[in-house]
Amino acid sequence: MATKSSLEEEEKKYFEKCVHSFRFYRKHALENLHKNIKDFKALPPKHQSMLQNFMNQQADIKRCIEMNFMFILHMLDDVNEMFTPEQNMNSDSEETDNSDKCNGDKLHRMDVSGEGLSQGDLDRVYTTIRQFVRDWSSDGVSERDKCYAPIIKAVYKRYDNPTGVSILVPGAGLGRLAFEFASHGYNCEGNEFSIFMLIASNFVLNKTDAISFELYPWATCSTNNFSHADRIRSVTIPDIDTTSIPETAQFGMCAGDFTEVYANDHDRFDVVAASFFLDTAHNIIEYIELIYNMLKPGGHLVSLGPLLYHYAGMPNQPSLEIPWEDVLSIIKQVGFVIEEIEDIADVPYIENNLSMVSVLYKCKFFVARKPTS
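Residues numbered from 1 in each chain as written. Predicted model: local features only at pLDDT ≥ 70, side-chain atom pairs only at ≥ 80, totals over all residues. Heavy atoms only, no water.

Undergrad: Tell me about the pattern of salt bridges, and name the residues and values.
TA: For the coordinates displayed, the defined rule picks out 18 salt bridges. For the salt bridge of Glu 340 with Arg 158, the shortest nitrogen-to-oxygen distance reads 2.8 Å. Taken as a pair, Glu 340 in strand 8 (residues 337–347) and Arg 158 in helix 8 (residues 149–158) lie far apart in primary sequence, 182 residues in all. On the accessibility criterion, Arg 158 (22% relative accessible area) is partly exposed. (Salt bridge = Lys/Arg side-chain N within 4 Å of Asp/Glu carboxyl O. Helix = DSSP H or I, 4+ residues; strand = E, 2+ residues; numbered from the N terminus. Buried < 20%, exposed > 50% of the residue type's maximum accessible area, 1.4 Å probe, protein only.)

Now the structure itself:
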């Protein structure tokens, strides 16, 4: 059995790996860009002549990648503070001077190798960058209207006075849904397992203040573009003052596995607000039972999402994959009373709304109440 110190060391090493993955972004993205340029130059001269703007376009993309990397370096500046003092990171994540970072030579010196990183680690970096679009840009409004607004409306309808109302947002991602509740005076706690997401949410919620940043989330997407301009367009984040939380409201993010962090919580929350969360479980029954236990009598589970099942098809990962009719039966068997159920169609998730490809979910939205007796 692993000791507490060995588990802490393992967690620290994983944290360092996540930081290292972010720092490898520029080098990895430019390697892919250079391959595209190499493939172009291997074309017959006649074919190259048909794409007069190709090299200028690649220069645009490189500039976008550099700007994204500058943002990442800002985000990582105070990442040490997410650890206790005795767990401070090594030199791979040390603070750096962000002045004049747009100089290409300086950025090159900040590159790290990809040794020890998997494609999955890099995918999480790109996903996190695009998650800023969903949660903290004006481009994400329509997506938030689909994913968050029905949940928010259902909570406000049942708890119109926020004073003393406690809400948990599991799978909080970059924290926008939790922020929305807290900014309206509710006591809200977000829970997130992904270190990548936690680093990003810590930055946007605690470090941006009145500062805004330009991101180019689609610059590394080389397929399904209608135009070059679509690919290199920017978003500004955050699109709202993240300090606009009433002093009366308590707000925080809690790191860790949902089933471990809240295993012993009983009658603690008035609401569990879950967006695209229930299907992230190894065992969805365990999630539902845990939520039932942590809710106060009369409290509500408000959920919206598909049943993609995060661990489906992953080797050596247990995954219970059951249809909605069985999920609904379990919700009732656990003891919940269903107050609302609705199908919500055409729900995106981190969608590039100018892409040739669109993935839309038909989600189940429901409100379930824990009886008072």
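Structure shown, so let's carry the discussion forward.
Undergrad: Account for the packing of aromatic side chains, with residues named and values stated.
TA: Both the distance between ring centres and the angle between the ring planes are used here to describe each pair of aromatic rings. For the structure on display, the rule yields 20 aromatic pairs. Consider the rings of Tyr 156 and Tyr 186, whose centres lie 5.6 Å apart with planes at 5°: the pair is stacked. In this pair, Tyr 156 sits in helix 8 while Tyr 186 sits in the loop between helix 9 (176–183) and strand 2 (187–192), placing the two residues 30 residues apart along the sequence. A relative accessible area of 25% places Tyr 156 in the partly exposed class. Its relative accessible area of 2% is what places Tyr 186 among the buried residues. An aromatic cluster is built from Phe 258, Tyr 262, Phe 269, Phe 277 and Tyr 287, whose rings are joined through pairwise contacts. Directly above the aromatic system of Phe 276 lies the positively charged group of Arg 134, at a separation of 5.6 Å from the ring centroid. (Phe/Tyr/Trp six-rings, centres within 6.5 Å; stacked < 30°, edge-to-face > 60°. Lys NZ or Arg CZ within 6 Å of the ring centre and 35° of its normal.)

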